[in-house]
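Read off the chains here:
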Amino acid sequence: MSRAKNPGKPRQPKKLRVGIYGITGCAGCQLSIIFNEDDILDLLDLVDLQAFPFIKEVNADQHFDWVIVEGLVASEQDLATVKKLRRNAKYLVSLGACAATGCVPAYRQFTLKENYEHLLYRKQKRLKDVEPTPIDAHVKVDYYIPGCPPDKKEILGFFTAIARGIEPRGTDNPVCVECRKNGNACLLDQGKPCLGPITAGGCHAVCINGGLECWGCRGPTKDMNLNLMIDILRKKGFDDRFIRDRMRTFAGLKLPTLNRIFHGKG
Amino acid sequence: MPLMETYRQTKADWKRFLEALMKGRELIAPVKRDLVRFERVKDIEDIHLKSMSYFPAKHWFFPEEQTLFRFSKKGFEMPKQKEPRRVFFGLRKCDLNAIKHQDMVFIKQAKDPYYKALRKKSLLLGYHCRTAPSPFCFCESLGLPDFFDLLYYERKDHFVVEVGSAKGKALVKKYGRWFHAEKGLTPEQRRIKNADTLEETDIGRFYDHPGWKEGVNLCLSCGACTALCPTCYCHSIHDEVTVADPGSGERKRQWSSCQLQGFTKVAGGHVFRKDRESRFKHRIYHQLEWFREKNKVPLCTGCGRCIQGCPTRIDWVSMINRMKDDEHRT
Ligand code: SF4
Ligand code: SF4
Ligand code: SF4
Ligand code: SF4
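All values reported here derive from a predicted model rather than from experimental measurement.

J.: What am I meant to see in the domain arrangement of chain B here?
T.: How big an interface is tends to be reported as the loss of accessible area on association of its parts. Residues and elements named next belong to chain B. For chain B, the domain assignment lists domain 1 (6–64 + 79–190) and domain 2 (204–234 + 259–329). The C-alpha centroid of domain 2 is placed 28 Å from the C-alpha centroid of domain 1. Between domain 1 and domain 2, the contact holds 24 residues from the first and 27 residues from the second. Here domain 1 packs against domain 2, burying approximately 2,100 Å² in sum over the two surfaces, 65% of which is carbon and sulfur. One can count one salt bridge joining domain 1 with domain 2.

J.: Would you take a moment to explain the packing of helix α9 (residues 226–235) of chain A against helix α10 (residues 240–251) of chain A for this structure?
T.: Geometrically, a packed helix pair is captured by the angle between its two axes and the distance between the axes. All names here are of chain A. At a closest axis distance of 10 Å, the pairing of α9 and α10 adopts a crossing angle of 135°. On the basis of their axis angle, the class for α9 and α10 is oblique. Here α9 runs over α10; the crossing is right-handed. Two secondary-structure elements touch here, α9 through L226, M229, I230, L233 and R234 and α10 through D240, I243 and M247. Here the residues of the contact of α9 with α10 are counted per class, giving six nonpolar, no polar and two charged.

J.: How should I be thinking about the packing of aromatic side chains in this particular structure?
T.: Note on aromatic pairs: each is described by the distance of the centres and the angle between the planes. Summed over all chains, the structure comprises 31 aromatic pairs over all chains. When the ring of F52 of chain A is compared with that of F54 of chain A, the centres are 6.3 Å apart and the planes differ by 35°; the resulting orientation is tilted. For F52 of chain A, a relative accessible area of 2% translates into the label buried. Judged by centre distance (6.5 Å) and plane angle (50°), the ring pair of Y233 of chain B and F291 of chain B falls under tilted. Here the residue Y233 of chain B occupies a position in the loop between α7 (224–228) and β11 (235–241), and F291 of chain B occupies one in helix α8 (residues 276–295), the gap between them amounting to 58 residues. Taking the relative accessible area as the measure of exposure, Y233 of chain B reaches 17% and is therefore buried. Pairwise contacts between aromatic rings join F61, F62, F88, F106, Y115, Y233, W255 and F291 of chain B into one cluster. Over the aromatic face of F61 of chain B sits the side chain of R119 of chain B, whose NZ or CZ is 5.8 Å from the ring centroid.

J.: Would you take a moment to explain the interface of chain A and chain B for this structure?
T.: Across the boundary between the two partners, chain A contributes 30 residues, which contact 36 residues of chain B. Interface area, chain A with chain B, both sides summed: about 2,800 Å², of which 57% is carbon and sulfur. It is R180, K181 and D223 of chain A in chain A that bury the most area against chain B; as a group they hold 25% of the surface buried on that side. Inspection of the chain A/chain B interface yields three salt bridges. At the surface where chain A touches chain B, the tally comes to 13 residue pairs in polar contact (both at pLDDT 80 or more). Broken down by secondary-structure element, the contributors of at least two residues to the side of chain A that touches chain B are α2 (40–46), α6 (152–164), α7 (175–181) and α9 of chain A. Counting residues per element, the side of chain A that touches chain B draws most heavily on α7 of chain A, at four residues.

J.: Help me out: how do you make sense of the pattern of salt bridges in this one?
T.: Pairing is possible between side chains of opposite charge, provided their charged atoms come close. Using the criterion set out here, one finds 45 salt bridges over all chains in the structure. A salt bridge links R108 of chain A to E131 of chain A; the shortest N-O distance between them is 3.5 Å. Here the residue R108 of chain A occupies a position in the loop between α4 (96–101) and α5 (113–116), and E131 of chain A occupies one in strand β6 (residues 129–133), the gap between them amounting to 23 residues. Judged by its relative accessible area of 15%, R108 of chain A falls in the buried class. The residue R190 of chain B makes a salt bridge to D146 of chain B at a minimum N-O spacing of 3.1 Å. Placement of R190 of chain B in helix α5 (residues 187–190) and of D146 of chain B in the loop between β7 (122–127) and β8 (150–154) is noted, with a sequence separation of 44 residues between them. Salt bridges here are not isolated pairs; linked through shared partners, they connect E65, R70, E240, E250 and K252 of chain B.

J.: Sorry, what's going on with the environment of V104 of chain A here?
T.: Residue and element names in this part refer to chain A. Among the secondary structure elements, V104 is positioned in the loop between α4 and α5. For V104, a relative accessible area of 43% gives the class partly exposed. Here the alpha-carbon distance between V104 and P132, two residues 28 residues apart in the chain, equals 9.8 Å. Those residues in contact with V104 that sit more than four places away from it in its chain are T249 and F250.

Scoring rules and cut-offs
In this numbering scheme, every chain counts its residues from 1 along its sequence in written order. Whichever chain is written first is A, and whichever ligand is written first is 1; the rest continue in order. Residues qualify for local features only when their pLDDT is at least 70, as the model is predicted, and side-chain atom pairs are given and counted only at 80 or more; totals for whole chains, interfaces and linings, by contrast, use all residues. Only hydrogens and water are set aside; all other atoms, that is, all heavy atoms of the structure, feed into the side-chain values. All the domain ranges listed were derived from an automatic or database domain assignment. Here a residue-residue contact requires only that any non-hydrogen atoms of the pair lie within 4.5 Å. Once two parts are put together, the accessible area they lose, assessed with a 1.4 Å probe and summed over both, is termed the buried area. For salt bridges, the criterion is a side-chain nitrogen of Lys or Arg within 4 Å of an Asp or Glu carboxyl oxygen. Helix axes use the C-alpha atoms of the stretch in contact, all axes being lines fitted to C-alpha atoms, and the angles between their N-to-C directions lie in the range 0 to 180 degrees. In this text, helices come from DSSP runs of H or I with a minimum length of four residues, and strands from runs of E with a minimum of two, each type numbered from the N-terminal end. Should an angle fall under 35 degrees it is taken as roughly parallel, and over 145 as roughly antiparallel, whereas 65 to 115 is taken as roughly perpendicular and any remaining angle as oblique. A crossing counts as left-handed when the near helix is turned anticlockwise from the far one by less than a right angle, and as right-handed when that turn is clockwise. In the scheme used here, Gly and all other residues not listed as nonpolar or charged are polar, with Ala, Val, Leu, Ile, Met, Phe, Trp, Tyr, Cys and Pro taken as nonpolar and Asp, Glu, Lys and Arg as charged. Any Phe, Tyr or Trp ring, taking Trp's six-membered ring, that has another such ring centre within 6.5 Å forms a pair; planes under 30 degrees apart are called stacked, those over 60 apart edge-to-face, and the others tilted. Think of it in three bands: residues with accessible area under 20% of the maximum for their type are buried, residues over 50% are exposed, and the middle band is partly exposed, with areas taken using a 1.4 Å probe on protein chains only. Charges are assigned to positions over rings by a cutoff of 6 Å between ring centre and Lys NZ or Arg CZ, combined with an angular limit of 35 degrees from the ring normal. What qualifies as a polar contact is a pair of N or O atoms within 3.5 Å, subject to a donor-acceptor requirement within protein and to the restriction that residues adjacent in sequence count only when both atoms come from side chains.

So, in structure tokens, the structure goes:
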């Protein structure tokens with residue numbers, strides 16, 4: 001990627017070749033891209049959309065500058081797809097919570113097989129089930145657009161940044177930062193099990209704005225004080241099982257120390 | 001000290017006075033909903049004066065997010081200032097001095113046109129704390145000076161009003177029919193009732209004291225303290241470009257906080273204050289020590305909001321008091 005000489009010119013000599021793919025997931029994150037209705041045509045001008053099988057009939061599958069992947073690795077096909085995409089792209093972006101943390105589908109790793117076995121891809125002979133895992137368990141991820149679903153404006157920000165040849169602006173600030181800016185009354189203070197203090201923001205604290213505590217969909221911050229968060233929730237009267245399960249809902253695989261904290265192992 | 005010009009105003013006249021000011025101005029005052037915030041007030045009956053506002057009035061001068069200018073190939077364009085004139089009522093001594101301290105930063109030092117524009121159009125009407133308005137406040141420990149246009153002392157059926165500026169004086173002159181002569185208040189009557197005391201503001205020698213650990217261990221680095229602080233002025237700046245033309249867009253600033261790891265991240269990814277302890281101490285030391293080194297007064301005005309709003313109620317005032325006590329014992 002080279003820096004555009006004149007930042008005023010969207011028409012670079014060569015537009016970035018972009019591919020957008022989905023593996024196991026609900027396609028909601030890909031929809032979040034499309035939800036940018038007012039800007040989507042400009043977006044298509046900005047980059048050279050080589051592949052987006054969700055909405056396009058003809059799709060390239062190699063020579064990408066950037067490839068954006070939604071979903072988690074839950075089948076052998078998924079695994080082959082991400083490996084191939086990784087090989088064929090300069091930069092790989094994880095889009096949404098499944099891709100970044102494994103999200104709710106990965107919760108299965110914390111339960112007994114007999115609880116879900118009957119739900120697996122049985123009849124689908126060609127789909128071979130693997131342990132559900134985020135993309136970065138298998139290939140290098142260069143950039144994350146987190147969230148369940150991701151913020152559509154953040155997606156636009158990502159595209160404009162790469163088109164300008166600058167680093168996209170993510171945040172590792174906890175959700176509390178935006179929550180307080182919004183002038184919300186703190187739900188944790190009211191005894192609700194809000195995970196905002198350990199969860200990466202960028203969502204504008206949308207859940208808390210609407211009265212729901214943060215469940216941690218954007219994954220833990222690098223700077224989190226996990227032990228203190230657990231202590232606070234315990235003191236508020238939540239039992240260990242509740243705390244553990246709540247924390248595992250969206251990002252269990254990114255909180256491996258929970259095993260040690262709650263089960264004395266791992 | 002020259003005696004303050006002092007007046008008496010009945011509560012009915014107070015209402016008339018505010019209503020008169022509301023013609024051509026917005027009235028901003030504390031309103032209690034789930035919490036007390038400084039909000040636009042349409043009905044004077046909504047003003048809440050019993051307890052301190054949970055949020056300060058800061059965002060009315062220094063908004064959470066603000067456009068600095070628009071840019072495009074053609075150049076730069078300043079945003080049009082559309083903000084109306086405003087009268088603030090119910091600011092307490094800590095709030096008023098916090099505005100004074102932000103004036104030092106934004107007007108005196110930075111010559112910030114955005115902040116200045118909002119400040120110039122404001123009237124500051126204060127409210128005296130006869131009873132401690134919050135269980136956490138300690139403003140008397142900071143020795144704050146007077147800073148207001150008018151200051152209201154609530155009595156049973158009237159207010160005593162002091163005049164603190166030329167703007168205040170002009171108001172009394174213009175609306176003289178609602179102001180009646182009253183003798184000046186004694187220092188005792190002017191005193192403020194606090195809930196707490198900070199025993200030491202000169203804390204340089206405590207920097208390596210093990211007593212800080214207690215607070216650090218209870219800190220989530222969530223930034224609530226700095227967001228709720230009426231004096232904190234730190235912000236970050238970023239560009240938001242349009243998709244149609246990424247060469248054009250808006251440069252914006254938004255609140256930031258020294259409690260966040262990203263706050264000291266520089267090009268290349270290096271973070272200067274990575275560990276929680278140095279970040280935690282930075283806030284207290286900037287509030288009490290480092291701002292004073294430059295400006296002769298501590299930045300903190302003792303409102304206690306950073307303690308009240310902290311999810312673990314880290315009481316750094318008691319921590320410092322204990323450090324000082326320790327010192328006397330040894
Ligand atoms: S409600 Fe949650 S996200 Fe908001 S400030 Fe409280 S803990 Fe943080
Ligand atoms: S509010 Fe409390 S927990 Fe949050 S950063 Fe400030 S001191 Fe730390
Ligand atoms: S540091 Fe705390 S007590 Fe001091 S002005 Fe800020 S919020 Fe108030
Ligand atoms: S450095 Fe920290 S304490 Fe000081 S003004 Fe900035 S945010 Fe507030």
